[in-house]
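Letter by letter, the chains look like this.
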Amino acid sequence: MKTNLVKVFYFGERRKQIEEAKTDKFFFLKKQVEYLCNTKHDLDQITFVINGDIPEGYEEEVLPLKQKFKFVTLSRENVGISYGAYSHAVDIFIDDFDFFIFSEDDFIFCKDNFDTIFKEKFYSIDNASMIAAVSQNYDGYYRKHASVSIYGTSKEILKRIISDHGKLPFTDKDLVLTYSEGQVYHTNLFFEYGEVLDHTKDFRIIFHDGKGFHFFGDDKNPCIITSVEAIVDPKIKFIKNEKNMSNI
């Protein structure tokens, strides 16, 4: 079974910006390279999708990945933000891989063999459509959706969605709608194709937004995914060898 990790990057002005990224435009990129090079996994390909122009100096920063893994960079116009980039990668590689994991540049996979964990969870039942970092499996203000923009799914599910919609859909007309509901629109579709699973029963997820840190799952469980902010924030202790994070 061949697996493709798709990571989306944006080097322009961001809605939220941490101090480290203000002084180093490659800060998120460097963290991704560091952790993908030093965390155990069995990925068949790592794909970075750049929304917008590829900045000078990029190739030097990703050289460690190119030397160690099968690595591909795609570049596209920033239409549909991350979900447009996910769709773009699927357009190109849908027939080349059996399983896809999608993530954004400000999230880090911090547990060894995270790709195997994603696949084992997904295939633990017969009718899974998505394994998400965090899934909102309830009807509230928003429709059901994956509330962290990280998920894994199979080629078969993606092909079913593409057959019905013409592509892996994303919002691209209204910029305000794209930012406010693009994630809901994109990930809500998977609930129509099977059961959406999440990792919060077995792992801890650390998310960061304008309101601060949000912790999903039991804090006694190991962390599998974290916002980059948690790695550099002095209030968060990161024990790399144990692949776990906890408040000091």
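Above: the structure in question.
Let me sum up the structure you'll find in this document. Everything numeric in this text was worked out from a predicted model, so none of it was measured. (Residues numbered from 1 in each chain as written. Predicted model: local features only at pLDDT ≥ 70, side-chain atom pairs only at ≥ 80, totals over all residues. Heavy atoms only, no water.)

### Observations concerning unusual backbone geometry
The cut-off we apply is this: Put simply, DSSP H or I for four residues or longer makes a helix, DSSP E for two residues or longer makes a strand, and each gets a number counted from the N terminus. For the exposure calls, accessible area comes from a 1.4 Å probe over protein chains only, and a residue counts as buried if that area is under 20% of its type's maximum, exposed if over 50%, partly exposed in between.
In the Ramachandran plot, Asn 113 falls in the positive-phi region, its phi being about 60 degrees despite a non-glycine side chain. Tracing the chain through its elements places Asn 113 in the loop between strand 5 (107–109) and helix 5 (114–122). Judged by its relative accessible area of 37%, Asn 113 is partly exposed.

### Notes on the sheet that holds strand 6 (residues 128–132)
What counts is decided by this rule: The pairing criterion for strands is at least two bridges between them, as found by DSSP. What counts as an axis is a line fitted to C-alpha atoms, over the stretch in contact for a helix, and the angles between N-to-C directions run from 0 to 180 degrees. Contact criterion: two residues are considered in contact whenever any of their non-hydrogen atoms come within 4.5 Å of each other.
Pairing is mixed in the open sheet, where seven strands are placed in the order 3-2-1-4-9-6-10. The sheet is open, and its two borders are formed by strand 3 (71–76) and strand 10 (195–198), each paired with just one other strand. Between one strand and the next, the sheet's axes are offset by a mean angle of 20 degrees, whatever the strand orientation. Of the strand pairs in this sheet, strand 2 (residues 45–51) and strand 3 are connected by six bridges, and their pairing is parallel. Across the sheet, Thr 47 pairs through a bridge with Val 72, a residue of strand 3. On the sheet, helix 4 (residues 81–93) packs against strand 1 (3–9), strand 2, strand 3, strand 4 (99–104) and strand 9 (151–154) and is oriented at approximately 125 degrees with respect to strand 3. Across the sheet, helix 6 (residues 155–165) lies against strand 4, strand 6 and strand 9, angled at about 85 degrees from strand 9, the strand it touches most.

### Considering the pattern of salt bridges
Inclusion rule: By definition here, a salt bridge exists when the distance from a side-chain nitrogen of Lys or Arg to a carboxyl oxygen of Asp or Glu is within 4 Å.
Taken as a whole and judged by the stated rule, the model has six salt bridges. Salt-bridge contacts for Lys 30 lead to Asp 24; the nearest nitrogen and oxygen are separated by 2.8 Å. In this structure, Asp 202 engages Lys 121 in a salt bridge whose closest nitrogen and oxygen atoms are separated by 3.4 Å. With a gap of 81 residues between them, Asp 202 in the loop between strand 10 and strand 11 (204–209) and Lys 121 in helix 5 connect regions that are remote in the sequence. Among the residues examined, Asp 202 registers a relative accessible area of 37% and is labelled partly exposed. Judged by its relative accessible area of 22%, Lys 121 falls in the partly exposed class.

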